[in-house]
Amino acid sequence: MVAKVIDGNAVARLVRTECRQRAETLKARNIQPGLAVIMVGNNPASGVYVRNKVKACEEVGLRSELHHFHENTGQAQVLDVIDGLNRNPAIHGILIQLPLPPHIQVRTVLEAISRDKDVDGFHLYNVGGLVVGDTVFPPCTPYGVQRLLEHERIPIEGRNVVVVGASNIVGKPMALMLMQKNATVCICHAKTRDLAQFTILADILVAAAGVPGLIKHEVVKTGAVVIDVGINRLPGGGLVGDVDFDQVRQKASYITPVPGGVGPMTVTMLLCNTVGSAERFAGREGPRPASST
Ligand code: NAP
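A few points on the structure.

Rules of the game
Once a new chain begins, its residue numbering starts again from 1 and follows that chain's sequence as written. Whole-chain, interface and lining totals are the exception, using all residues; otherwise, since this is a predicted model, local features are given only for residues with pLDDT of at least 70 and side-chain atom pairs are given and counted only at 80 or more. Hydrogens and water are ignored here; the side-chain numbers use all heavy atoms of the structure. We count a salt bridge whenever a side-chain nitrogen from Lys or Arg sits within 4 Å of a carboxyl oxygen from Asp or Glu. Only DSSP runs of H or I covering at least 4 residues are called helices, and only runs of E covering at least 2 are called strands; the numbering of each starts at the N terminus. Between buried and exposed lies partly exposed: a residue is buried under 20% and exposed over 50% of the maximum accessible area for its type, with that area taken using a 1.4 Å probe on protein chains only. Whether a residue is near a molecule or strand depends on its heavy atoms: if one lies within 4 Å, it is near. For this analysis, a polar contact is any N or O atom pair within 3.5 Å, provided that within protein one partner can donate a hydrogen and the other can accept it, and provided that sequence-adjacent residues contribute only side-chain to side-chain pairs. Working definition: rings of Phe, Tyr and Trp (its six-membered ring) pair if their centres are within 6.5 Å, and the pair is stacked with planes under 30 degrees apart, edge-to-face with planes over 60 apart, and tilted otherwise. Comment: the charge-over-ring label is applied if NZ (Lys) or CZ (Arg) is within 6 Å of the ring centre and within 35 degrees of the ring normal. Here, the arc refers to the directions that run from the helix axis to the C-beta atoms. Throughout, a contact is declared for two residues whenever any of their heavy atoms are within 4.5 Å.

1. What about the pattern of salt bridges?
Under the definition given, this model contains 10 salt bridges. Arg147 serves as the salt-bridge partner of Glu18, at 3.3 Å between the closest nitrogen and oxygen. A residue pair is termed long-range when its members are at least 10 positions apart, and Glu18 in helix H1 (residues 8-27) and Arg147 in helix H6 (residues 140-151) qualify at 129 residues. For Glu18, a relative accessible area of 34% corresponds to the partly exposed category. Arg107 is the partner of Glu111 in a salt bridge, and the nearest nitrogen-oxygen pair spans 2.4 Å.

2. Here's the deal with the site of the ligand
Lining the immediate surroundings of the ligand are 22 residues, of which Ala166, Ser167, Ala190, Ile231 and Thr266 lie closest. With respect to the ligand, the backbone of Ala190 contributes an N or O atom lying 3.0 Å from an oxygen atom.

3. Looking at the packing of aromatic side chains
Under the criterion given, the structure shown has zero aromatic pairs. Here the guanidinium or amino end of Arg115 rests over the ring plane of Tyr125, the centre of that ring lying 3.9 Å away.

4. Description of helix H5 (residues 124-132)
Asn126, Gly129 and Leu130 are the residues of H5 that are buried. One face of H5 carries all of its buried residues, which in axial projection span an arc of 100°. Facing away from the buried side of H5, by more than 90 degrees, are the exposed residues Val131 and Val132. Where H5 is buried, its residues touch helix H7 (171-180).

This is how it looks when you write it as structure tokens:
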């Protein structure tokens, strides 16, 4: 068996076209979805991610604004800006680019974002929504994985899903989202003893550990769907996931490549969450007169 390689770039393009159309519908009502991105410090990787997000907004007709603070900026100043953005009717999504410098408390900052503008889905209210099956803003990376599975019409209900990685931004929300689709879900992490005894049972295996070469073909069931969330930079500069792509491809039914699999979906789902937020705000406000912006 040779797996079908899921083309994340192609699916991301389709989803972005949908977002553009939804943004145009809002524009006809004089509403332009707006995203505010907050970055503190000069982490080079964060700089690349932030630029990608701003560029992606432009491509689909969203307004974006970047609030880039010096490394030593105090928490109170960041909270002040969030407060202003929470009140700003032109902003429908607020995102804090992580990591933050150590003197800023991540939880405090995330909790300061209005739960109605929390497009990353990291506010405890939205985390709770995910747990009880009432999700408003699904976290972007697992949401992207879900869209890839839906696009390929891969059934989820009743299937064994193993998620390798238990972080708050990828592994845990991924597991919850697939549980809501009635999968039987197992979450593994760095302290899991004998990872293979779990992964070998997976009909759908999601690798999100950040460990290159962690998932080799011996630990994958024949015909499994293998989703590689990992992004690992090799010393030579190339990017690889957590899955031994060449070998596992010979055994799986579907597989995502790195790069070009889950990666392009993450920013795309951020755009979807921002447009969705603007639609909800528009729904609450009712029709707007042509002169108001
Ligand atoms: P993270 O916060 O470092 O979490 C990694 C998780 O993997 C932890 O739960 C850890 O277990 C577990 N883990 C580490 N080594 C393991 C091992 N040998 N066996 C089993 N589990 C292991 O990372 P993250 O933010 O979730 O990101 C995970 C990967 O996805 C990274 O490569 C990251 O770059 C990538 N990523 C990609 C995207 C995308 O858009 N494609 C988005 C976000 C992240 P413990 O909890 O026990 O420590």
